[in-house]
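The lines below spell out each chain.
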Amino acid sequence: MKLTRRQRHLLSQGGLYIAVTITTLFCVYPFYNAILTSLKTGTDLFTTSFLPTTFVWENYINALMVNGIARSLLNSVLVAGVTVGLCLLVAITASFALARIRFRGRQGLLFTILCVSMFPQVAVLSGMFELVRFLGLYDSLGSLILSYTTFSLPFTVWVLTTFMKSLPVELEEAAIVDGAGLWVIITKVFAPIMGPSLVTTGLLAFVGAWNEFMFALTFIMSGENRTVPVAISMMQGASQYELPWGNIMAGSVIVTLPIILLVLIFQKRIVSGMTAGAVKG
């Protein structure tokens, strides 16, 4: 039986909705299961259920107060926030120079920046450890800010340089005619236009710093300076053979919520930044 054009359209739309629904469930279910597990205790932790059966809010209190997640949250916010600020400040000025100023070796420098962004963390772990010790930053949040900025900056510079190249030169020329200086051009002319790309790259840098584990485990020893990934991994139960799964899941939910809130708040700018980069890059 030959289908009409409208029937084919309805079938394609139905298939698209089914695929989107399956993908959404596949992505959301782990977090939903973590919420369910965080509200359980005792033998209920080992039972499978798709709806909440118990509401043990004590797991969240233990995760925040007893296991020190509250202090680790503050450390992670400080480290990730400073990392994003430094990355964007350096990247927007570096991208202006790489996109607008002609000098010998510019393409080679861009290629080097791209290559540095591909380095795995474990390849430079020993070198970063020696640098941190030399600077006297071991067991301090400064060691994490230094290492996270080092790894996030190349990608941020690359993305912003690509976006900066797509901006019309007439904007810069008009600002120069009006007597604007270099810093005014960057902050007052280009920065507002690059808002979506700044939010997108900043959020990616924030997520990378928020979730990083290897450097945080290597460079930090004291409990008061730990970030949330390490703090969750260090949770212990009544004995060395027992893991407090309810508390661990409660901590995981608490740690994930700030990222979800940031994505929801800046959703439109993130989409605009990604779309602009895909079209203009």
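Just so we're clear, the structure is a prediction, and the values are computed from it rather than from any experiment.

Remarks on the nonpolar core
If you look at the biggest cluster of nonpolar residues, it comprises 35 residues, and the most contacted ones within it are Ile69, Leu144, Tyr148, Trp210, Phe215 and Phe219. Of all the secondary-structure elements, those providing two or more residues to this core are α2 (58-66), α3 (69-100), α5 (121-134), α6 (141-165), α9 (195-211), α10 (214-219), α11 (228-233) and α12 (245-265). Discounting chain neighbours no more than four positions away, the residues touching Ile69 are Ala63, Leu64, Val228, Ala231, Ile232 and Met235. Membership of the second largest hydrophobic core comes to 21 residues, among which are Leu98, Leu110, Ile113 and Phe163.

Let's talk about the confidence of the model for the protein
In the predicted model, the protein carries a mean pLDDT of 82, and the fraction of residues at 70 or more is 91%. At the low end of the mean pLDDT range in the protein sits helix α13 (residues 267-280), at 58; at the high end sits α10, at 91. Per-residue pLDDT stays below 50 along residues 277-281; that stretch engages in three contacts with residues further than four places along the chain or on separate chains.

Section: α6
Between its first and last C-alpha atoms α6 spans 35 Å; for 25 residues at 1.5 Å apiece the expected length is 36 Å, and the two agree. Along its length, α6 shows its largest kink, about 35°, at Ser152, and proline Pro154 lies within four residues downstream of that point.

Re the packing of α6 against α9
Each pair of packed helices can be described by the angle between their axes along with the distance between the axes. Running from amino to carboxyl end, α6 crosses α9 at an angle of 160°, the nearest separation of the two axes being 10 Å. Here α6 lies roughly antiparallel to α9, going by the angle between them. Taken as a pair, α6 and α9 cross one another with a handedness that is right-handed. Residues Tyr148, Ser152, Phe155, Thr156, Val159, Leu160 and Phe163 of α6 pack against Ser197, Leu198, Thr201, Leu204, Ala205 and Ala209 of α9.

Describing the packing of aromatic side chains
Taken as a whole and assessed by the stated rule, the structure comprises seven aromatic pairs. With a centroid separation of 5.6 Å and 80° between ring planes, the pair formed by Phe129 and Tyr138 is classed as edge-to-face. Taking relative accessible area as the criterion, Tyr138 reaches 33% and is therefore assigned partly exposed. When the centroid spacing of 5.3 Å and the interplanar angle of 10° are considered together, the rings of Phe215 and Phe219 count as stacked. Here the residue Phe215 and the residue Phe219 both occupy positions in helix α10, the gap between them amounting to four residues, near one helical turn. The exposure classification of Phe215 matches that of Phe219, with both residues buried. One aromatic cluster is present, built from ring pairs that chain together Phe129, Tyr138, Phe151, Phe215 and Phe219.

Some details on the side chain of Thr37
Inspection of the secondary structure puts Thr37 in helix α1 (residues 5-38). Taking the relative accessible area as the measure of exposure, Thr37 reaches 13% and is therefore buried.

Basis of the calculations
Residues numbered from 1 in each chain as written. Predicted model: local features only at pLDDT ≥ 70, side-chain atom pairs only at ≥ 80, totals over all residues. Heavy atoms only, no water. Core = buried A, V, L, I, M, F, W, Y, C linked by side-chain atoms within 4.5 Å. Buried < 20%, exposed > 50% of the residue type's maximum accessible area, 1.4 Å probe, protein only. Helix = DSSP H or I, 4+ residues; strand = E, 2+ residues; numbered from the N terminus. Contact = heavy atoms within 4.5 Å. pLDDT = per-residue confidence, 0-100. Expected span 1.5 Å × (residues − 1). Bend = angle between axes of the 7 residues up to and from the residue. Axes fitted to C-alpha atoms, helices over the stretch in contact; angles between N-to-C directions. Parallel < 35°, antiparallel > 145°, perpendicular 65-115°, else oblique. Left-handed = near helix turned anticlockwise from the far one by under 90°. Phe/Tyr/Trp six-rings, centres within 6.5 Å; stacked < 30°, edge-to-face > 60°.

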